[in-house]
Amino acid sequence: MRLPSGWIIGCALAPALFITGCTSHNDADASHSPSAPATHQSAEAQAEKRLTAAVQSALDATTDKGSSMVESGVERVSDGVHTQPGLTQGKTYKLTVACAGKGTAEIVLTPSSAGEEKSVPCDQSVVFERIKPKASFRLDVVGKPGASGMVAWRINKV
C-alpha cells in the first residue's frame, strides 16, 4: 500500500508540533509573567487627586449643581480651561471658578463684553462672575507664571 506524499510530510511534522505545544512554562520566570499592576501612585498624581477633590468641594459648597448646571469641568492650572460654551444669547448665567494649589489663575472672557477678567487665587478661593452673552464667547482660565494645581469651573443658569 502506497501512502500519498502529503501524508508522509504531515506525519514527519507531527512530533515537532507536539513538542512545541507541550513545552513547559516556568511561572517563576518573571520574563513570561504579566507585570503586576502598580499599587502606588506617584506623589504628583496623589497631589493632583487631592487638589481635584478640594476644588470640586469648593464648587459644590457654593453653587447649585442640580438642573441649572450648563457646563463644568476640572483641569490642571498648567493646561488651563478653554471652552466655547453654547449659551443662549441674552440669558444670564453664573460662572463659578475655584483654584487649589499655588499662585493665581485668571478668568478671561472673549469678547470682553461678555464679562470682566478676574484673578482667582489658587488657595481654594472661589470667584463668581455673572455673564450675559450677547453673542458667542470663549472662556479661558489661565495660570499666571509659576501657578500650579487644579482649577474647577461651573456655569449655571440664573
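Above this text sits the structure in question.
Remember, predicted model here, so these are calculated numbers, not experimental data. (Residues numbered from 1 in each chain as written. Predicted model: local features only at pLDDT ≥ 70, side-chain atom pairs only at ≥ 80, totals over all residues. Heavy atoms only, no water.)

A. Looking closely at the state of the cysteines. Throughout the structure, instances matching the rule amount to one disulfide. In this model, Cys-99 is linked to Cys-122 through a disulfide, with the two sulfur atoms separated by 2.0 Å. Because the sign of the S-S torsion sets the handedness, a value of about 75 degrees for the bond joining Cys-99 and Cys-122 places this disulfide among the right-handed ones. Of this pair, Cys-99 sits in strand β3 (residues 93-110) while Cys-122 sits in strand β4 (residues 118-131), and the two are 23 residues apart along the sequence. Looking at Cys-99, the relative accessible area reads 0%, which means it is buried. (Disulfide = S-S within 2.5 Å. Helix = DSSP H or I, 4+ residues; strand = E, 2+ residues; numbered from the N terminus. Buried < 20%, exposed > 50% of the residue type's maximum accessible area, 1.4 Å probe, protein only.)

B. Region of the structure containing unusual backbone geometry. Backbone torsion omega between Thr-110 and Pro-111 reads 0 degrees, so that peptide bond is classified as cis. With respect to the element layout, Pro-111 can be found in the loop between β3 and β4. At Gln-124, a residue that is not glycine, the phi angle is positive and equals roughly 75 degrees. The residue Gln-124 is located in strand β4 in this model.

C. Structural context of the pattern of salt bridges. Here the structure, examined in full by the defined rule, presents six salt bridges. Two residues, Arg-154 and Asp-60, come together in a salt bridge whose shortest N-O distance is 3.0 Å. Here the residue Arg-154 occupies a position in strand β6 (residues 148-157), and Asp-60 occupies one in helix α2 (residues 43-62), the gap between them amounting to 94 residues. Of the residues examined, Asp-60 reaches a relative accessible area of 33% and is grouped as partly exposed. In this structure, Arg-76 engages Asp-79 in a salt bridge whose closest nitrogen and oxygen atoms are separated by 3.2 Å. (Salt bridge = Lys/Arg side-chain N within 4 Å of Asp/Glu carboxyl O.)

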